[in-house]
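# Examining the three-dimensional arrangement
Listed below are the residues making up each chain.
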Amino acid sequence: SRMKTVLVLCEFSGAVSSAFRKKGFASISNDLLPSNLDEQHHIQGDCFAAIDAFKSKVGHIDLIVMFPPCTAIAVSGNRFYGRGMPKHEQRIESIEWTLRLWEYAKANADHVAMENPVNVLPVKASQFIHPYEFGHPEQKKTGLWLHNLPELTETCNVYAAMMELPKKDRERIHYMSPSKDRWKLRSTTFPGIAQAMALQWGEYLNG
């Protein structure tokens, strides 16, 4: 049987694509940014072009996992991007681009997962998860939009331990002090979630 193929879009960290590779999948990441991964494991450039390039290389894409930029569409950005706000036009463009990518991914892969914070997309999330359900004592409500995939089930719920921490530690991502790498740190997938995706969706693909 052929090796199952996984493309991870908008990921420079390689957290999810590496987790799938460790489970025996032909997995690569893509981002506009370069990655610390070897060149053969990362396509730098546009998402749509990356889907085309990966598909022509492997012939068939089993799974696309995508982490589209959330700044303009996250509910947390309403004061800048909301209706009547200075950056509202960017939000409209961002919604259109994200939906186009979601549709294009579904047209080119059997299974698709999109991860994003609570946002203003017109399509509803399939489920919401928190890092504390996967071994990280932190709160960050994150949506998963799933196409032909089961919901992720929690692996290691550390909610009780987390609630003993001060609020700034529980919501570390939210309270992270401004720095040039802040966005990078905020957008890197928690290892526990990356492993759960590779294990659970990987088993589903191989099932």
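As a reminder, the structure under discussion sits directly above these lines.
A few points on the structure. In this text, all values refer to a predicted model and were calculated from it rather than measured experimentally.

### Overview of the overall build of the protein
Each helix and strand in the protein was counted, giving nine helices and seven strands. For 207 residues, the compact-globule formula gives about 17 Å, and the C-alpha radius of gyration of the protein, at 17 Å, lands near that figure. In terms of overall dimensions, the protein has a C-alpha envelope of 50 × 40 × 30 Å along the principal axes. Taking all 207 residues of the protein together, the buried fraction comes to 46%. If you take every contact in the protein between residues at least 6 apart in sequence, the share linking residues at least 24 apart comes to 58%.

### Concerning the layout of surface pockets
Of the pockets and cavities examined, the largest pocket occupies roughly 1,400 Å³. In terms of lining, the largest pocket is formed by 45 residues, of which the most central are C70, T71, P117, K140 and R186. At the level of secondary structure, the elements contributing two or more residues to the lining of the largest pocket comprise β2 (26-31), α3 (78-81), β5 (109-117), α7 (172-175) and α8 (182-187). Residue contributions to the lining of the largest pocket peak at four residues, all from α8.

### Focus: the environment of E11
You can see E11 is positioned in the loop between β1 (5-9) and α1 (15-22). Separated by 18 residues in sequence, E11 and S29 have C-alpha atoms that sit 6.0 Å apart. Ignoring anything within four residues of it in the chain, the contact list for E11 reads V16, S17, S29, N30, D31, H42, F67 and T189.

### Points about helix α9 (residues 191-206)
For α9, which comprises 16 residues, the first-to-last C-alpha distance of 22 Å matches the rise-based estimate of 22 Å (1.5 Å per residue) to within 8%. On its buried face, α9 sits against β1, α1, β4 (61-66), β5, β6 (127-129) and β7 (142-147).

### So, the pairing of β1
Along β1, five of the five residues are buried, which leaves the element largely enclosed by surrounding structure. Burial of β1 is two-sided: the residues T5, L7 and L9 facing one way and the residues V6 and V8 facing the other way are all buried. Handedness of the crossover joining β1 and β2 through α1 is recorded here as right-handed. Bridging between β1 and β4 involves four bridges; their strand directions are parallel. If you follow L7 over to β4, its bridge partner there is I64.

### A word on the side chain of S94
Inspection of the secondary structure assignment puts S94 in helix α4 (residues 88-108). Relative accessible area serves as the criterion here: at 14%, S94 is assigned to the buried category. Discounting residues that sit within four places of it in the chain, S94 has contacts with P69, A72 and I73.

### Here's the deal with the side chain of R91
You can see R91 is positioned in helix α4. One buried charge, R91, has no salt-bridge partner; the nearest side chain with opposite charge is E89, at 11 Å. Filtering out sequence-adjacent residues up to four positions away, R91 remains in contact with A72, I73, A74, G77, N78, Y81, G82 and V120.

### So, the packing of helix α2 (residues 47-58) against α4
α4 packs onto α2 with a crossing angle of 10 degrees between their chain directions and a minimal axis gap of 10 Å. Viewed along their axes, α2 and α4 adopt a mutual orientation that is roughly parallel. Together, C47, F48, I51, D52 and K55 of α2 and W97, R100, L101, Y104, A105, A107 and N108 of α4 make up the contact between the two elements. The residue makeup of the contact of α2 with α4, split by class, is eight nonpolar, one polar and three charged.

### Points about the packing of aromatic side chains
Under the counting rule described, the total for this entry stands at four aromatic pairs. Ring centres of F48 and Y104 lie 5.5 Å apart, and the angle between their planes is 55 degrees; on these two criteria the pair is classed as tilted. Taken together, the positions of F48 in helix α2 and Y104 in helix α4 put the pair 56 residues apart, joining distant regions of the chain. On the accessibility criterion, F48 (15% relative accessible area) is buried.

Conventions and cut-offs
- Residues numbered from 1 in each chain as written.
- Predicted model: local features only at pLDDT ≥ 70, side-chain atom pairs only at ≥ 80, totals over all residues.
- Heavy atoms only, no water.
- Helix = DSSP H or I, 4+ residues; strand = E, 2+ residues; numbered from the N terminus.
- Rg over C-alpha atoms; globule rule 2.2 N^0.38 Å.
- Buried < 20%, exposed > 50% of the residue type's maximum accessible area, 1.4 Å probe, protein only.
- Contact = heavy atoms within 4.5 Å.
- 1 Å grid on protein atoms, 1.4 Å probe; cavity = no way out; pocket = protein on both sides within 12 Å on 5 of 7 lines; lining within 4 Å.
- Points joined across faces, edges and corners; volume = space filled by probe spheres on them.
- Expected span 1.5 Å × (residues − 1).
- Right-handed = clockwise from strand over helix to strand, strands pointing away.
- Pairing = 2+ DSSP bridges.
- Lys, Arg positive; Asp, Glu negative; His and termini not counted.
- Salt bridge = Lys/Arg side-chain N within 4 Å of Asp/Glu carboxyl O.
- Axes fitted to C-alpha atoms, helices over the stretch in contact; angles between N-to-C directions.
- Parallel < 35°, antiparallel > 145°, perpendicular 65-115°, else oblique.
- Nonpolar A, V, L, I, M, F, W, Y, C, P; charged D, E, K, R; others polar.
- Phe/Tyr/Trp six-rings, centres within 6.5 Å; stacked < 30°, edge-to-face > 60°.

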